[in-house]
Amino acid sequence: MDHFEYRHGSLHAEGVPVEEIAAMVKTPFYCYSTATITRHFNLFGEALSGVDHLVCYAMKAASNQAILKTLADLGAGMDVVSAGEYSRAVAAGVPAGRIVFSGVGKTREEMRVALEGRIRQFNLESEPEMHALNEVALGLGVRAPVAIRVNPDVDAETHSKIATGRKRDKFGIPISRARDVYREAASLPGIDVVGIDVHIGSQLTDLAPYRFAYKKVAELAATLRSDGHDIRRLDLGGGLGIPYGRSNDLPPLPIEYGRLVKETVGHLDCEIEIEPGRLVVGNAGILVSSVIYVKSGEDREFLILDAAMNDLIRPAMYDAYHDIVPVRESPSEEALARYDIAGPVCESSDMFARDRKIARVAQGDLLAFRSAGAYGAVMASEYNTRPLVPEVLVKGDQFAIIRERPAIDEMIKRDTIPVWL
């Protein structure tokens, strides 16, 4: 469910007509719904009721501070993967004690920054990283709380580029070596082992891979406790998928996921950490674009939009599907047409959809890409010297620009020409 719906023939974001936002902000732009973000975050709390838990939003999905502040005020923790994300989370009001630091390539400087802020936990991914963290912690006179990420060799049955739990993936240590690695971690004076971390991929639409992975984690927790380790937290990652507008990608509900968590690891009396990102913000955002031209090809019609792959890269990178709808509702099914929908960037991959059936549109009409809140604006670039797309947050009948579109002159002035030129 989201809060984007037609009223009187016009698409609204909560109580605000999208056309009204477009008139002020100009296209393309991202628009987020506070009500949808709030609802989806709270679903996880309800799903894990009765279990000691912390929901750490995976902020790589969308990291605008207005979104982070919205979630922080709801009690969210944050899952970060860089010092930049850590600093963003803190600036948005998230206490460091609710921040988990993931990622395979943490630098010593990033470790230092997070340790000085008294971060909740590092999710360690390798033995070299563990030794580096131990040295940094000792240099600061502290102990670093860690969970070690294990790779359970589970195929999440998702897109290959967002699968993370197979033995050929770069993430974590092989679960078969976990006892040795935990033994080594316990011997390091700057390391405080607090739990186990696992994450198998993104956009999962089936609970079976989770069940398989979490059972492995439960067995490992029991083994590590028998070895004398105080395993008191289980970080179970995120990855639960969202519907992108096609019937074949309908995911389980958070309540079903929560039931699975309780069934597989609830008996361990551990604090549960989960890291949803896409499900919290994915359907809470749309990308709004204008039709520049309707172009006739040899055997098809093209819609050339002012949004491009640099604004929303998921179709080019993952062959991702987004439902694309007119902002002004079509009066009847008879007005449908088939288009190839493309952006203006000089790349053949700047294509959002092929042979897509939508309402017939004309030059200047507005289109909305649904389910664009996750991995949209956060992955945008300035390719072709195109300004970063602005972001807008709606709450009820109010809206605010939460990231301005930079001027082209501002972009150019960031360059420096050497004195010899």
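Structure's up top.
Residues numbered from 1 in each chain as written. Predicted model: local features only at pLDDT ≥ 70, side-chain atom pairs only at ≥ 80, totals over all residues. Heavy atoms only, no water.

### Quick word on the overall build of the chain
Reasoning step 1: Of regular secondary structure, the chain possesses twelve helices and 21 strands.
Reasoning step 2: What you see for the chain is a C-alpha radius of gyration of 23 Å, in line with the 22 Å of a compact globule of 421 residues.
Reasoning step 3: On the principal axes, the C-alpha backbone points of the chain span a range of 70 × 60 × 40 Å.
Reasoning step 4: Summarising the internal contacts of the chain: among those between residues at least 6 apart in sequence, 69% fall at separations of at least 24.
Reasoning step 5: Summed over its atoms, the accessible surface of the chain is roughly 18,200 Å², and 50% of this surface lies on carbon and sulfur atoms.
Reasoning step 6: Taking the average location of the 48 positive side-chain charges in the chain and that of its 59 negative ones, the two points are 2 Å from each other. (Helix = DSSP H or I, 4+ residues; strand = E, 2+ residues; numbered from the N terminus. Rg over C-alpha atoms; globule rule 2.2 N^0.38 Å. Contact = heavy atoms within 4.5 Å. Areas by Shrake-Rupley, 256 points an atom, 1.4 Å probe, with all protein chains shown as cover. Lys, Arg positive; Asp, Glu negative; His and termini not counted. Charge placed at Lys NZ, Arg CZ, Asp CG, Glu CD.)

### Quick notes on the pairing of strand β11 (residues 191-197)
Reasoning step 1: Most of β11 sits inside the fold, with six of its seven residues counted as buried.
Reasoning step 2: Relative to β11, strand β9 (residues 144-151) runs parallel, the two being bridged by six bridges. Its bridge partner lying in β11, Arg149 is registered against Asp197.
Reasoning step 3: Of the strand pairs in this sheet, β11 and strand β12 (residues 233-235) are connected by three bridges, and their pairing is parallel. Among the inter-strand pairings, Gly195 is bridged to a residue of β12, identified as Arg233.
Reasoning step 4: Handedness of the crossover is the feature at issue here: the chain leaves β11, passes through helix α8 (residues 208-226), returns alongside β12, and the resulting connection is right-handed. (Buried < 20%, exposed > 50% of the residue type's maximum accessible area, 1.4 Å probe, protein only. Pairing = 2+ DSSP bridges. Right-handed = clockwise from strand over helix to strand, strands pointing away.)

### Brief notes about the nonpolar core
Reasoning step 1: Counting residues in hydrophobic clusters, the biggest one holds 102 residues, and the most contacted among them are Tyr57, Met78, Phe122, Ile196, Leu234, Leu236 and Tyr257.
Reasoning step 2: Looking at which element gives the most residues to this core, the answer is α8, with eight residues.
Reasoning step 3: Other than its neighbours up to four places away in sequence, Tyr57 contacts Ala62, Ile67, Leu68, Leu71, Gly77, Met78, Asp79, Pro276, Gly277, Val280 and Val281. (Core = buried A, V, L, I, M, F, W, Y, C linked by side-chain atoms within 4.5 Å.)

### Thoughts on the environment of Ala368
Reasoning step 1: On the secondary structure map, Ala368 appears in strand β19 (residues 366-369).
Reasoning step 2: Given a relative accessible area of 0%, Ala368 falls into the buried group.
Reasoning step 3: Along the primary structure Ala368 and Ser289 are separated by 79 residues, whereas in three dimensions their C-alpha atoms are 6.4 Å apart.
Reasoning step 4: With residues up to four places along the chain from it excluded, the contact list for Ala368 reads Leu11, Ile286, Leu287, Val288, Asp323, Ile324, Val325 and Val327.

### Focus: the pairing of strand β17 (residues 336-342)
Reasoning step 1: Of all seven residues making up β17, five are buried, and the element is well covered by its neighbours.
Reasoning step 2: Sheet topology places strand β15 (residues 301-305) next to β17; three bridges connect them, and they run parallel. By the bridge assignment for β17, Phe302 is matched with Asp340.
Reasoning step 3: Relative to strand β18 (residues 351-359), β17 is paired through six bridges, and the arrangement is antiparallel. Pairing of Ile341 across the sheet is with Ala353, part of β18.

### Side note on helix α4 (residues 83-91)
Reasoning step 1: Those residues of α4 not exposed but buried are Ala83, Glu85, Tyr86 and Ala89. An end-on view of α4 places all buried positions within 160° of arc, on one side of the element.
Reasoning step 2: In this structure, the buried side of α4 is in contact with α3 (65-73), β6 (77-80), β7 (99-101) and α5 (108-116).
Reasoning step 3: Of the residues flanking the start of α4, the one acting as N-cap is Ser82, its side-chain oxygen 3.3 Å from the backbone nitrogen of Gly84.
Reasoning step 4: Remark: Gly93 follows α4 within two positions and exhibits a positive phi of approximately 100°. (Arc of directions from axis to C-beta. Polar contact = N/O pair within 3.5 Å; in protein donor to acceptor, adjacent residues only side chain to side chain.)

### As for the packing of aromatic side chains
Reasoning step 1: Tallying each qualifying case throughout the model produces six aromatic pairs.
Reasoning step 2: Here the aromatic rings of Phe101 and Phe122 are separated by 5.9 Å at their centres, their planes lie at 20°, and the arrangement is stacked. Of this pair, Phe101 sits in strand β7 while Phe122 sits in strand β8 (residues 121-124), and the two are 21 residues apart along the sequence.
Reasoning step 3: In this structure Phe101 comes out as buried when scored by relative accessible area, which is 1%.
Reasoning step 4: Judged by centre distance (4.8 Å) and plane angle (70°), the ring pair of Phe352 and Phe369 falls under edge-to-face. You can see Phe352 sitting in strand β18 and its partner Phe369 sitting in strand β19, a full 17 residues away along the chain. In terms of burial, Phe352 and Phe369 fall into one category: buried.
Reasoning step 5: Members of the aromatic cluster, joined through ring pairs, are Tyr210, Tyr214 and Tyr257.
Reasoning step 6: The lysine or arginine in question, Lys295, covers the ring of Phe302, its NZ or CZ lying 5.6 Å from the ring centre. (Phe/Tyr/Trp six-rings, centres within 6.5 Å; stacked < 30°, edge-to-face > 60°. Lys NZ or Arg CZ within 6 Å of the ring centre and 35° of its normal.)

Any functional reading would require information beyond the geometric quantities listed.
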